[in-house]
Amino acid sequence: MNNHWTPSSWQKKIVTQQPVYPDSQNLEETLRRLAKLPPLVTSWEIENLKGQLAEAAAGNAFLIQAGDCSESLEDCETDAIVRNLKVLIQMSFVLIFGSMKKVIRVGRIAGQYAKPRSAQTETRDGVTLPVYRGDIVNRSGFNEADRRPDPELLLRGYERAALTLNFIRGLIGGGFADLHHPENWDLDFASESPRSKQYHRMVNSINESMRFMEAVLGSTLRESQAVDIFTSHEGLHLSYEQAQTRHVPRREGWYNLNTHFPWIGFRTRAIDGAHVEYFRGIVNPVGIKVGPGMEAEELIRLVETLNPENEKGKITLIHRFGADQIANLLEPLIAGIKDSELNVLWTCDPMHGNTYSTNTGIKTRSFDQIISELKQAFKIHGANDSILGGVHLEMTGDNVTECVGGAGKLAEPDLHRAYKSTVDPRLNYDQAIELAFTIAEHMKSSDD
Ligand code: PEP
Ligand code: CO
């Protein structure tokens, strides 16, 4: 491999999953404007997260990375952001309570706008149009105007990401996550949910412990200072990522200041491809989706290419095999990484290997399969002297009906009621909290 890297060296490689813009001059002009805008995140935050991910790899922290499959520009609104933030923080408290470890909260948020697709075009009733590639590229409506890639959407997406992040920073900094205000913590659960009582017991117990600590210390614990939220998205649209790839004063290397934690999607992991070329040059921690068809040798080469110094906290491997395949496919990869003494954080995405279509053609996932993959993941890592240090989920704080199962017993005929995702099915609020309790109980019992 030619080792000379620049933020644009990916352009000399084979690049997949990129839109074809009809007006390339307009695109160039937009990217120049994008590059001039202030960044969304800072190098301090990125370095801080990298340090925390290293802790998770060592078993001293647990990562929850979660959010929409695909954010929409339209859903950039107060209630949706509050709901998504709330469910993420509530899940993290359940996980802390279960594991007694620090929990790192990373949203698929403030930039998760570009989607990889399995085909370039979509045909309906004999009409063929470019496929929908996410709100930063084109629009989901099935007509020519909506499907035309529009550079202006890159700017709209960047601005929405900034608005989202600004509001999150305000909420967190202002005490939204402060446990002195349990009214912020009330569940939106249907009160008959079996997890509701359990959750309230937990919040009361956290409050008591906090008051005890404050009595001992003689001062107030400022919980709000301790809650961090980081952002992540798939680093798919490479011109968009390049526009905010910068040097910062008094630090070495290039930072992607669009997000704290970009990841390489399963479809764009080719070792000699443009995405890996772009990612090998940035300082940010990097996630890699790992799934069926990936041999240990490929994974090792990928990790070595992206992290030649074997820096801790740099690489997170997000495996997504599916409940039926994980038992056969994960172990050889763990062995390969161990034998090569590569420093990685292992996390499990129990969503993307468990997608199926119902007889009526609705894309869904079963809660039981999701839980099954997660439980198997904990078990396989445990049996191989490895650590599962996190989960990666598609979920929302909203009451959608996209995945079947869970305490609410959603069945296939219920799916049409509130199916809002334009891409993959997400866990809804109840299912997300239920899943957090299940993981927490699992971590607690495997500690005994
Ligand atoms: C995703 O995380 O939304 C996604 C497309 O995942 P994967 O790359 O693992 O298929
Ligand atoms: Co998805």
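The structure under discussion appears in the preceding block.
Now for a look at the structure at hand. What you are looking at is a predicted structure, and each value in this text was computed from that prediction instead of being measured.

### Comments concerning the layout of surface pockets
Of the voids in this model, the largest pocket is the one considered here, and its volume is about 670 Å³. If you trace the largest pocket, you find 41 residues lining it, with Asp68, Ser70, Glu71, Ser72 and Asp75 closest to the centre. Looking at the lining of the largest pocket, the elements with two or more residues in it are strand 1 (61-67), helix 3 (78-99), strand 2 (102-108) and helix 5 (152-173). The element that contributes the greatest number of residues to the lining of the largest pocket is helix 3, accounting for seven residues.

### Describing the site of ligand 1
Around ligand 1 sit Cys69, Arg108, Lys115, Pro116, Trp263, Gly265, Phe266, Arg267, Lys289, Arg320, His352 and Glu394, and that is every residue in its neighbourhood. Phenylalanine 266 has a polar backbone atom sitting 2.8 Å from an oxygen atom of ligand 1. In the model, an oxygen atom of ligand 1 is placed 2.8 Å from a nitrogen or oxygen of the lysine 289 side chain. Here ligand 1, which alone exposes 300 Å², has 97% of that area covered by the protein. Structurally, ligand 1 is housed in the second largest pocket. Residues belonging to the shell around ligand 1 are distributed by class as follows: four nonpolar, two polar and six charged.

### A look at the pattern of salt bridges
Under the defined criterion, the tally for this structure stands at 21 salt bridges. Between lysine 50 and glutamate 47 there is a salt bridge whose closest N-O contact spans 4.0 Å. Of the two residues, lysine 50 and glutamate 47 are both situated in helix 2 (residues 43-57); the distance of three residues between them amounts to about one turn of the helix. Look at lysine 50 and you get buried, because its relative accessible area is 3%. By relative accessible area, glutamate 47 is classed as partly exposed at 26%. Residue glutamate 152 pairs with arginine 156 through a salt bridge whose shortest N-O separation is 2.9 Å.

### Overview of the nonpolar core
Counting 108 residues, the largest nonpolar core has Met91, Leu317 and Leu435 as the members making the most contacts within it. In contact with leucine 317, other than residues within four places in its own chain, are Ile288, Val290, Leu299, Val303, Ile337, Val344, Leu345, Trp346 and Thr347. With 10 residues, the next largest nonpolar core counts Leu53, Leu63, Ile104 and Val106 among its residues.

### Quick notes on the environment of methionine 443
Within the fold, methionine 443 resides in helix 13 (residues 429-447). The class for methionine 443 is buried, based on a relative accessible area of 7%. Taking C-alpha positions, methionine 443 is 5.8 Å from serine 99, a pair spaced 344 residues apart along the chain. Sequence-distant contacts of methionine 443, that is, excluding residues within four places in its chain, are made with Phe62, Leu95, Ser99 and Phe378.

### A closer look at the packing of helix 10 (residues 296-306) against helix 11 (residues 326-339)
It is the contact of helix 10 with helix 11, at a shortest axis distance of 9 Å, that shows an interaxial angle of 45°. Taken as axis vectors, helix 10 and helix 11 run oblique relative to one another. The handedness of the crossing between helix 10 and helix 11 comes out as right-handed. Of the residues in helix 11, those touching helix 10 at Ala296, Leu299, Ile300 and Val303 are Pro332, Leu333, Gly336 and Ile337. Its residues assigned to classes, the contact of helix 10 with helix 11 comprises seven nonpolar, one polar and no charged.

### What about the pairing of strand 14 (residues 388-394)?
A large share of strand 14 lies buried, amounting to seven of its seven residues. Two elements, strand 1 and strand 14, share five bridges in a ladder whose sense is parallel. For leucine 63, the partnering residue across the bridge sits in strand 14 and is glycine 390. In terms of strand pairing, strand 11 (residues 345-348) meets strand 14 through two bridges, oriented parallel. Within strand 14, the residue paired with cysteine 348 across the bridge is valine 391.

What counts and how
Every residue gets a number counted from 1 within its own chain, in the order that chain's sequence is written. Chain A is the first chain written and ligand 1 is the first ligand written, with later ones labelled in order. pLDDT decides what is reported in this predicted model: residues at 70 or higher carry local features, side-chain atom pairs at 80 or more are listed and counted, and totals for whole chains, interfaces and linings draw on all residues regardless. Hydrogens and water molecules were not included; the side-chain quantities draw on all heavy atoms of the structure. Cavity means a closed set of points on a 1 Å grid over the protein atoms alone, one where a 1.4 Å probe fits but cannot get out, pocket means an open set with protein on both sides within 12 Å along at least 5 of 7 lines, and lining means a residue has an atom within 4 Å of a point. Grid points are joined across faces, edges and corners, and a volume is the space filled by probe spheres set on the points. Here a strand is any run of E in DSSP of at least two residues, a helix any run of H or I of at least four, and the numbering for each starts at the N terminus. Near, as used in this document, describes a residue that has one of its heavy atoms within 4 Å of the molecule or strand being considered. Under the rule applied, a polar contact is a pair of N or O atoms within 3.5 Å (in protein, one hydrogen donor and one hydrogen acceptor; residues adjacent in sequence only if both atoms are side-chain atoms). Only the protein chains shown count as covering a residue, and every accessible area follows the Shrake-Rupley method with a 1.4 Å probe. For this analysis, a molecule is said to be in a pocket or cavity if more than half of its atoms are within 2 Å of the grid points defining it. Polar here means any residue outside two lists: the nonpolar Ala, Val, Leu, Ile, Met, Phe, Trp, Tyr, Cys and Pro, and the charged Asp, Glu, Lys and Arg; Gly therefore counts as polar. Any Lys or Arg side-chain nitrogen located within 4 Å of an Asp or Glu carboxyl oxygen qualifies as a salt bridge. Three labels apply to residues, based on accessible area from a 1.4 Å probe with only protein chains included: buried if under 20% of the type maximum, exposed if over 50%, partly exposed otherwise in between. As used here, the term nonpolar core means buried Ala, Val, Leu, Ile, Met, Phe, Trp, Tyr and Cys residues forming a set that is joined through side-chain atoms within 4.5 Å. Only heavy atoms enter the contact rule, under which two residues are in contact if any of them lie within 4.5 Å. Note on method: axes are straight lines fitted to C-alpha atoms, helices fitted across the in-contact stretch only, with angles between N-to-C directions ranging 0 to 180 degrees. The cut-offs work like this: below 35 degrees is roughly parallel, past 145 is roughly antiparallel, 65 to 115 is roughly perpendicular, and the gaps in between are oblique. Less than a right angle of anticlockwise turn of the near helix away from the far helix marks a crossing as left-handed, whereas a clockwise turn marks it as right-handed. Strands pair, by our definition, only if DSSP identifies at least two bridges between them.

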